[in-house]
Amino acid sequence: MTSYEDSIKNHRAQRDEKTAANPLHWLNLAGLFWLEKGGNSFGSAEGSNICLPAFPNSHCGSLHLENGIVTLHPVEGIKITVNGKAPKDGPLHTDREKDPDLISIGSLTMKIIIRGGEPLVRIWDRESSALKDFNGFHYYPPKPEYRVVAKYVRYDPPKPIKVTEVIGTEIESALLGQAQFTLNGVEYTLEAEKSGDELLFNFTDGTNKDTTYGGGRKFYLPIPKGDEIVLDFNLTENWPCAYTPFATCPIPLQENRLPIKIEAGELKYHD
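A brief report on the enclosed structure follows. Computed from a predicted structure; not experimentally measured.

Quick look at helix H1 (residues 3-20)
So, step 1. With 18 residues, H1 should reach 26 Å at 1.5 Å per residue; the first-to-last C-alpha distance of 26 Å fits that figure.
So, step 2. Listing the buried residues of H1 in full gives Tyr4, Glu5, Ile8, Arg12, Arg15, Asp16 and Thr19. Viewed along the axis of H1, the buried residues span an arc of 125°, placing them on a single side of the element. Residues Ser3, Gln14, Glu17 and Lys18 are exposed on H1 and point more than 90 degrees away from its buried face.
So, step 3. On its buried face, H1 is in contact with helix H2 (129-132), strand E10 (147-164), strand E15 (228-232) and strand E16 (237-238).

Right, dumping it as structure tokens:
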């Protein structure tokens, strides 16, 4: 085995270790609920707006939505913490802010997320069997031929786009450039989307029909300073929607639907 293949296997092993140690991983997701204007009760009782059996009481409290602001209203006597401390009055910080609030009750953790300008509550269960039974992700063997040097064509200015998510919402984004590469003598392109300080390559290919997740895969790269970029398809990973129905993954652009099989990177998680 080459040092390159060793490095890919080490990268995958580290990812497995990090996942197994993360109580708020995608594998632990237990629910995703849109919030309605006014009170949104949560608890284990049927009829609650946010109902899960893992809530420790039939009625634990409510999340109140008014003018786009969400506040927490616990039932007296129910132990609930926000970021490990007793709840305080005031708006809950969402995932659109630097430090979103984490609401803990029993084995559950809740966070307010914003999608399409509207708030939802995402819930993890730290006692989920999905993570307890986790034995690692599944991959193709490392294949050096899927590490390719591409030409990077920068967009100046960046191209604004709207990306559709699987739940039907849209997000504003931008394309920073295009990677032009060759596999088996044929030329292809992938659009590079801005993701923080990195480039996101979100794509589908011919393997999605059988061996890889149908919604597509992704990898991130630093923004190159020059006109070359190395695309390593051995490092591709699934979107969270491959593991749970409670994720809100972006759908790959039409331009990034490759007409070939990329037999490298992560395989399906579920059969």
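Once the structure has been displayed, the description carries forward.
Comments concerning empty space enclosed by the protein
So, step 1. Per the counting criterion, the structure on display carries two cavities of 30 Å³ or more.
So, step 2. By volume, the largest cavity is sized at about 50 Å³.
So, step 3. Lining the largest cavity are Val163, Leu175, Glu191, Glu193, Leu200, Phe201, Asn202, Ile251, Pro252, Leu253 and Asn256.
So, step 4. Counting only elements with at least two residues in the lining of the largest cavity, the list comes to strand E12 (186-195) and strand E13 (198-203).
So, step 5. For the lining of the largest cavity, the leading source of residues is E13, giving three residues.
So, step 6. Of the residues assigned to the lining of the largest cavity, the class counts are seven nonpolar, two polar and two charged.
So, step 7. Reported here for the second largest cavity is a volume of approximately 30 Å³.
So, step 8. In terms of lining, the second largest cavity is formed by His11, Arg12, Tyr139, Asn234, Leu235, Thr236 and Glu237.
So, step 9. Grouping the amino acids of the lining of the second largest cavity by side-chain chemistry returns two nonpolar, three polar and two charged.

Description of the packing of aromatic side chains
So, step 1. Overall, the coordinates contain eleven aromatic pairs when judged by the stated rule.
So, step 2. Centre to centre, the rings of phenylalanine 181 and phenylalanine 233 are 5.8 Å apart; their planes meet at 50°, and the pair counts as tilted. Within this pair, whereas phenylalanine 181 is found in strand E11 (residues 170-183), its partner phenylalanine 233 is found in the loop between E15 and E16, the two being separated by 52 residues in sequence. Accessibility classification places phenylalanine 181 together with phenylalanine 233 in one group, the buried group.
So, step 3. Centre to centre, the rings of tyrosine 243 and tyrosine 269 are 5.3 Å apart; their planes meet at 90°, and the pair counts as edge-to-face. Taken together, the residues span a long stretch of sequence, with tyrosine 243 in the segment after E16 and tyrosine 269 in the segment after E16 at a distance of 26 residues.
So, step 4. A connected cluster of aromatic rings, assembled from ring pairs, spans Phe181, Tyr188, Phe201, Phe203, Phe219 and Phe233.
So, step 5. Here the basic side chain of arginine 15 rests over the ring of phenylalanine 137, its NZ or CZ set 3.9 Å away from the ring centre.
So, step 6. In this structure, lysine 218 packs its charged tip against the face of tryptophan 239, placed 5.2 Å from the ring centre.

Basis of the calculations
Residues numbered from 1 in each chain as written. Predicted model: local features only at pLDDT ≥ 70, side-chain atom pairs only at ≥ 80, totals over all residues. Heavy atoms only, no water. Helix = DSSP H or I, 4+ residues; strand = E, 2+ residues; numbered from the N terminus. Expected span 1.5 Å × (residues − 1). Buried < 20%, exposed > 50% of the residue type's maximum accessible area, 1.4 Å probe, protein only. Arc of directions from axis to C-beta. Contact = heavy atoms within 4.5 Å. 1 Å grid on protein atoms, 1.4 Å probe; cavity = no way out; pocket = protein on both sides within 12 Å on 5 of 7 lines; lining within 4 Å. Points joined across faces, edges and corners; volume = space filled by probe spheres on them. Nonpolar A, V, L, I, M, F, W, Y, C, P; charged D, E, K, R; others polar. Phe/Tyr/Trp six-rings, centres within 6.5 Å; stacked < 30°, edge-to-face > 60°. Lys NZ or Arg CZ within 6 Å of the ring centre and 35° of its normal.

Function-wise, these values are silent; they only describe arrangement.
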